[in-house]
Each structure stands twice: as C-alpha cells, then as structure tokens.
Amino acid sequence: MNTINHDNYTSIYDGIEVVDALQTRIADIKKTLIIVTELDKWDYAYAEGKWTIKEMIQHCIDCERIFSYRAQHIAREDSQTLNFFDENAYVLTSNANERKPEELIKEWTNLMKATYFQFESFNDQTLNKIGKVGNREYSVEKIGYVMAGHSIHHMNVINERYL
C-alpha cells in the first residue's frame, strides 16, 4: 500500500497554477533526460536493488497515466473509491529495461502534454471536486500538483544519485 506523503510533491509548486506546473515541468524533465542520454546512464542503478533510470522513467509514465485517470474519475464525479497501486510490482512487470531510451522519452513527453491539455480543460469548479483514493481525499487540482511534483522529485533523484 502506498504510504507516500504527497505534500512533498505538491509543495514543489507552491504559488503556481496547476496547469503552469504541468507545462513547465516538461522542459525541466527534458534537460535531465538529455544529460542521462549524453552520459549513457539509462541502464544504471546507483545501488543493488534500486531501479535503473529506464525503470524510473517507466514508473513516472505509469504514475502519470494512473494519476491522470484519478483526476478524470473525480472530475466526472464517479463515486467509486479508487485504490492505491504497488509501484514496485508495476516496475517488475514493465519490461522497462528492454525499451529504447528515445521511446521512453517520446512516450512520457507526449503523455505529459496530454495531461497538460486535460487539466487546461478543467474549470475552477472541476479542479475543486473531491474524490477518494484509498482512504484519502484528493481534489482534482491536488492530483495535478502531485503529478507535476512527483515527476520533478524523480528528476531530482536522478540528478542527485544517478548522475
């Protein structure tokens, strides 16, 4: 079960509109991924049992899809409670290390752009809608901040521990 404190992710973009956070992160992420490519570190893990950079990027792609669905689910007032997911189990079955870096970059970049357009379509009323994920309540807007902050968190990890 997910025990992450999402406040660590949402605080990265304090004072910035959620759509701006979702858009500006793309350029920041691309900068890090260019360095990873230049240093050819895609298959590198900084310690035994840690994810490779390919696995981390696939994790970010998976999370982007899941968080985006959660936002849509709440925005459309679906009353069912959503569940958390086991990110480690997802990585184990992702086949990320078999993928080409350029495929991962292209998929994630396009997915982030789609998420930006998804959130750009939400008005203030929609952004303020609340729904449940597990035993926690989230607004649509907070999920957007979680997505933006989560991806930047992982770029910071790459910069600090992998590069």
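Look above for the structure.
Keep in mind that this is a model prediction, so the values were computed, not measured.

Colleague: Explanation requested: the packing of helix H3 (residues 53–75) against helix H5 (residues 101–120) in the structure shown.
Modeller: If you want to describe how two helices pack, look at the angle between their axes and the distance between the axes. Viewed as axis vectors pointing N to C, H3 and H5 meet at an angle of 20 degrees, and their least axial separation amounts to 10 Å. Viewed along their axes, H3 and H5 adopt a mutual orientation that is roughly parallel. Along this stretch, H3 crosses H5, giving a crossing that reads as left-handed. Touching Lys54, Ile57, Gln58, Cys60, Ile61, Glu64, Arg65, Ser68, Ala71 and Gln72 of H3 are Pro101, Leu104, Glu107, Trp108, Leu111, Met112, Thr115, Gln118 and Phe119, all from H5. Of the residues assigned to the contact of H3 with H5, the class counts are ten nonpolar, five polar and four charged.

Colleague: Whenever I open this one, the layout of surface pockets confuses me. Can you help?
Modeller: Summary: where empty space remains is shown by rolling a probe the size of a single water molecule over the atoms. The volume enclosed by the largest pocket comes to roughly 400 Å³. Along the wall of the largest pocket there are 21 residues; nearest its centre are Trp51, His59, Glu87, His153 and His154. Secondary structure elements with two or more residues in the lining of the largest pocket: H3, helix H4 (87–92) and helix H7 (140–162). The dominant element in the lining of the largest pocket, judged by the number of residues it contributes, is H7, at six residues.

Colleague: Help me out: how do you make sense of the pairing of strand S2 (residues 136–139) in this one?
Modeller: Across a regular strand the side chains alternate sides, sitting on one face of the sheet and then on the other. Bridge count for strand S1 (residues 130–133) against S2 is four bridges, and the pairing is antiparallel. Residue pairing in the sheet places glycine 131 in a bridge with tyrosine 138 of S2. Connecting S1 to the antiparallel partner S2 that follows it, the hairpin turn spans two residues, and glycine 134 within it adopts a positive phi of roughly 60 degrees.

Colleague: Help me out: how do you make sense of H5 in this one?
Modeller: Every α-helix winds through 3.6 residues per turn, so residues three or four apart in the chain are directed the same way. Its 20 residues give H5 an end-to-end C-alpha distance of 29 Å, which sits within 8% of 28 Å, the value for a rise of 1.5 Å per residue. Buried within H5 are the following residues: Leu104, Trp108, Thr109, Leu111, Met112, Thr115, Tyr116, Gln118 and Phe119. Check the buried side of H5 and you find it contacts helix H2 (18–39), H3, helix H6 (124–127) and H7.

Colleague: Which parts of the structure should I look at to understand the environment of tryptophan 42?
Modeller: Mapped onto the elements, tryptophan 42 comes out in the loop between H2 and H3. Looking at tryptophan 42, the relative accessible area reads 3%, which means it is buried. Residues tryptophan 42 and valine 146 lie 104 residues apart in sequence; the distance between their C-alpha atoms is 25 Å. When residues no more than four places from it in sequence are discounted, the contact partners of tryptophan 42 are Leu33, Val36, Thr37, Thr52, Ile53, Lys54, Ile57, Pro101, Leu104 and Ile105. A distance of 3.1 Å separates polar atoms of two side chains, one belonging to tryptophan 42 and the other to threonine 37.

Colleague: Would you take a moment to explain the side chain of lysine 54 for this structure?
Modeller: The topology assignment puts lysine 54 in helix H3. Leave out the neighbours within four places in its chain, and lysine 54 touches Trp42, Asp43, Ala96, Asn97, Arg99, Pro101 and Leu104.

Colleague: Could you clarify how one ought to interpret the packing of aromatic side chains in this entry?
Modeller: Remark: the centre distance and the inter-plane angle together describe each pair of aromatic rings, the angle taken between the planes. Under the criterion given, the structure shown has five aromatic pairs. Where tyrosine 44 meets tyrosine 162, the ring centres are 5.9 Å apart and the plane angle is 85 degrees; that geometry is what we call edge-to-face. With tyrosine 44 in the loop between H2 and H3 and tyrosine 162 in helix H7, this pair connects stretches of sequence that are 118 residues apart. With a relative accessible area of 32%, tyrosine 44 lands in the partly exposed category. Here tyrosine 116 and phenylalanine 117 contribute two aromatic rings whose centre-to-centre distance is 5.2 Å and whose plane-to-plane angle is 65 degrees, an arrangement assigned as edge-to-face. Residue classification places phenylalanine 117 among the exposed positions, given a relative accessible area of 53%.

Rules of the game
Per-chain numbering applies: the sequence of each chain, read as written, is numbered from 1 onward. At least 70 in pLDDT is required for a residue's local features to be given in this predicted model, at least 80 for side-chain atom pairs to be given and counted, and no such filter applies to totals for whole chains, interfaces and linings, which use all residues. The side-chain figures draw on all heavy atoms in the structure; neither hydrogens nor water molecules are used. Note on geometry: axes are lines fitted to C-alpha atoms, helical ones only across the stretch in contact, with angles between N-to-C directions running from 0 to 180 degrees. Helix and strand definitions here come from DSSP, where helices need a minimum of 4 consecutive H or I residues and strands a minimum of 2 consecutive E residues; each element is numbered from the N-terminal end. For classification purposes, an angle smaller than 35 degrees is called roughly parallel, one larger than 145 roughly antiparallel, one from 65 to 115 roughly perpendicular, and anything else oblique. Crossing handedness follows the turn of the near helix against the far one: under a right angle anticlockwise gives a left-handed crossing, and clockwise gives a right-handed one. Contacts between residues were defined by any pair of non-hydrogen atoms, one from each residue, lying within 4.5 Å. Under the scheme applied, nonpolar residues are Ala, Val, Leu, Ile, Met, Phe, Trp, Tyr, Cys and Pro; charged residues are Asp, Glu, Lys and Arg; polar residues are all the others, including Gly. With a 1 Å grid spanning the protein atoms alone, the term cavity applies to any set of points in which a 1.4 Å probe fits but cannot get out, the term pocket to an open set with protein on both sides within 12 Å along at least five of seven lines, and the term lining residue to any residue with an atom within 4 Å of a point. Grid points are joined across faces, edges and corners, and a volume is the space filled by probe spheres set on the points. Strand pairing is defined by DSSP finding a minimum of two bridges between the two strands. Multiplying one less than the number of residues by 1.5 Å gives the expected span of a helix. Here's how the labels work: a residue is buried when its accessible area is under 20% of the maximum for its type, exposed when over 50%, partly exposed in between, all with a 1.4 Å probe on protein chains only. What qualifies as a polar contact is a pair of N or O atoms within 3.5 Å, subject to a donor-acceptor requirement within protein and to the restriction that residues adjacent in sequence count only when both atoms come from side chains. Two aromatic rings from Phe, Tyr or Trp, using only the six-membered ring of Trp, form a pair when their centres are within 6.5 Å; if the ring planes differ by under 30 degrees the pair is stacked, by over 60 it is edge-to-face, and anything between is tilted.

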